[in-house]
Amino acid sequence: ATTHTPTHVTMYGLDLTGAGLTRLEAFPHVGGIATRSSPEQQTRLIEELQGMLVTRERLFREHRIESLAHLRARHASGALKELVSPDVVLLIDGYGLVRSDFEHLDAPLADLLTRGSSFGIHLVLALTRWAEVQMKLQPLIGNRYELRGGLAALDRLRRRAERDELLSLAELSRLNELEFSAGE
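About the thresholds
Residues numbered from 1 in each chain as written. Predicted model: local features only at pLDDT ≥ 70, side-chain atom pairs only at ≥ 80, totals over all residues. Heavy atoms only, no water. Helix = DSSP H or I, 4+ residues; strand = E, 2+ residues; numbered from the N terminus. Contact = heavy atoms within 4.5 Å. Polar contact = N/O pair within 3.5 Å; in protein donor to acceptor, adjacent residues only side chain to side chain. Buried < 20%, exposed > 50% of the residue type's maximum accessible area, 1.4 Å probe, protein only. Expected span 1.5 Å × (residues − 1). pLDDT = per-residue confidence, 0-100. Pairing = 2+ DSSP bridges.

## What about the environment of R74?
Part 1 of the argument: Looking at the secondary structure, you find R74 in helix α2 (residues 68–76).
Part 2 of the argument: Every residue in contact with R74, bar those within four places of it in the chain, is listed here: H63, A79 and L80.
Part 3 of the argument: At 3.3 Å, the side chain of R74 forms a polar contact with the backbone oxygen of H63.

Next comes the structure, spelled out in structure tokens:
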């Protein structure tokens, strides 16, 4: 909120774990937050984002927009009055619950994840385990941040070992230490 104005980015939230994202509603950047207790809000939010995607696909064709940088420049010049902002971010807290508790969101969210980023619609997923993202969708995730300290380091070292990269003695020792402390 302090580095970008609402004309640069619009935020939406899908809070499937509780109501923690609702405190963001007061910011001028936020278009809406849907919570786990309101399937109607969830559906309206997804329909709104799907409509934005269709509009953006049309604008890309009609204005011969070739990239997100081009979209942002055209928007900044005032040429795309149909868009409130060139970038839209959907925060999803509890993404891992989609397939078990919110099946009606599964296909539309997969579609937004698949097609949205090319048109300035970005998804930020909060989940407990990486495996909660379907294998076919994992390559679509541009950045991944793990906030579990030692377990993130363990995962990094394991990935390097799986790629047959050489690990130093200190790294091997750390790998053994982390595996032991994680109970593996």
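## Some points on unusual backbone geometry
Part 1 of the argument: Not every positive phi belongs to a glycine, and R64 is a case in point at roughly 50 degrees.
Part 2 of the argument: The exposure class of R64 is exposed, given its relative accessible area of 66%.

## Focus: helix α1 (residues 39–62)
Part 1 of the argument: In a regular helix each residue adds 1.5 Å, so 24 residues correspond to 34 Å; α1 covers 35 Å between its end C-alpha atoms and thus fits that length.
Part 2 of the argument: Residues Q42, L45, I46, L49, M52, L53, R56, E57, L59 and F60 constitute the buried set of α1.
Part 3 of the argument: Along its buried surface, α1 packs onto β1 (9–15), β2 (30–35), α2, β3 (87–93), α4 (103–115) and β4 (121–126).
Part 4 of the argument: A positive phi of about 50 degrees marks R64, the residue just after α1.

## Some thoughts on the confidence of the model for the chain
Part 1 of the argument: Mean pLDDT over the chain works out to 85, with 79% of the residues at or above the 70 mark.
Part 2 of the argument: Per-element mean pLDDT across the chain ranges from 62 in helix α6 (residues 169–181) up to 96 in α1.

## A few points about the pairing of β1
Part 1 of the argument: Buried residues dominate β1, accounting for 6 of its 7 residues.
Part 2 of the argument: In terms of strand pairing, β1 meets β3 through 7 bridges, oriented parallel. Its bridge partner lying in β3, M11 is registered against V89.

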